[in-house]
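Fold and contact review
The chain contents come next:
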Amino acid sequence: MAAERQSRRGDRRVEIVEWAGDRWALEELLLEADPSRALVAAYLGEGFLLAALEGGRPVGEALAVPHPGGWELKNLAVDAACRRRGIGRALVEGVLARLAPGETLWVGTAEGVPWGLAFYGACGFVRDHLVPGFFLKNYPQPVMDGGIRCIDMVYLRRKKEES
C-alpha cells in the first residue's frame, strides 16, 4: 500500500511505502532518530518499516513495533534537507493507517525538547507517562537533540479512531 503526497516545495512527490528491502539500507536515517546502533539492531527486525521516497530516494522512515495494546513508533526520522514539508506527519499517518481501529500508537521522545513534543502534539498524541533517566541509563554517551541533552523520556499515545 503506497500513499503519495505533494511536498510544499514545487511538484516533487513523496511516496510512503512499506520498506521490503534490507532495513539497514536506511541506516543513516535510523541513526538520526536513535544514535545507538546496538539499540537500533535490537528492534530493527520487529514490526514494520515505512519509507518516504522522493524520486525513489529514501528521505524518511518510520519503524513501528508491537507494544501491549497496540504499537510503538520506535524510530522516526526525516532527512534534514526535507523537513518541514509534512513528510514526518505523513509517515505517522501511514503507521496509523496500518493499525486496527481502537489500537493505540505509543511514541517516546525526549522530555524538555520542545520541537519533538510540539510535533507529536500536532499529530494528535497526548502525554501518557515519564521514564526518568531513560537516556542516562540506556546510552553510554550523552544524547543531544538540537543542543539539548536528553535525560528523561516522555511517552505519548494516540488511539486510532474507529472507522
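Residues numbered from 1 in each chain as written. Predicted model: local features only at pLDDT ≥ 70, side-chain atom pairs only at ≥ 80, totals over all residues. Heavy atoms only, no water.

What the protein chain contains, in helices and strands, is 5 helices and 10 strands. Taking 163 residues into account, the globule formula puts the C-alpha radius of gyration at 15 Å, and the protein chain, at 15 Å, falls close to it. Referenced to the eigenvectors of the C-alpha coordinate spread, the extents of the protein chain come out at roughly 40 × 35 × 30 Å. For the protein chain, buried positions account for 42% of its 163 residues. (Helix = DSSP H or I, 4+ residues; strand = E, 2+ residues; numbered from the N terminus. Rg over C-alpha atoms; globule rule 2.2 N^0.38 Å. Buried < 20%, exposed > 50% of the residue type's maximum accessible area, 1.4 Å probe, protein only.)

The next subject is unusual backbone geometry. Phi angles above zero are rare outside glycine, and Arg-84 is one such case at about 65°. The topology assignment puts Arg-84 in the loop between β5 (70–78) and α3 (87–97). A residue is classified by how much of its surface remains accessible, and Arg-84, at 73% relative accessible area, is exposed.

Looking now at the environment of Glu-61. Here Glu-61 lies in strand β4 (residues 57–67). The class of Glu-61 is buried, set by a relative accessible area of 0%. In this structure the C-alpha to C-alpha distance between Glu-61 and Leu-76, which are 15 residues apart in sequence, comes to 5.7 Å. For Glu-61, the residues in contact, after removing those within four places along its chain, are Leu-26, Leu-29, Leu-30, Ala-33, Leu-49, Leu-50, Ala-51, Asn-75, Leu-76, Ala-77 and Leu-91. (Contact = heavy atoms within 4.5 Å.)

Attention shifts here to α3. Of all 11 residues in α3, 8 are buried, a share of seventy percent or more. Buried within α3 are the following residues: Ile-87, Gly-88, Ala-90, Leu-91, Val-92, Gly-94, Val-95 and Leu-96.

Here the focus is the environment of Leu-76. Relative to the assigned elements, Leu-76 resides in strand β5. Judged by its relative accessible area of 16%, Leu-76 falls in the buried class. Beyond its immediate stretch of four places on either side in the chain, Leu-76 contacts Ala-33, Glu-61, Ala-62, Gly-88, Leu-91, Val-92, Phe-119 and Tyr-120.

Attention now moves to the packing of aromatic side chains. In total, this model carries 6 aromatic pairs according to the counting rule given. On the numbers, 6.4 Å between centres and 65° between planes, the contact of Phe-134 with Tyr-139 is edge-to-face. For Tyr-139, a relative accessible area of 12% gives the class buried. Members of the aromatic cluster, each reached through a chain of ring pairs, are Phe-119, Tyr-120 and Phe-125. Cation over ring: Arg-37 sits above Trp-24, and NZ or CZ is 4.0 Å from the ring centre. (Phe/Tyr/Trp six-rings, centres within 6.5 Å; stacked < 30°, edge-to-face > 60°. Lys NZ or Arg CZ within 6 Å of the ring centre and 35° of its normal.)

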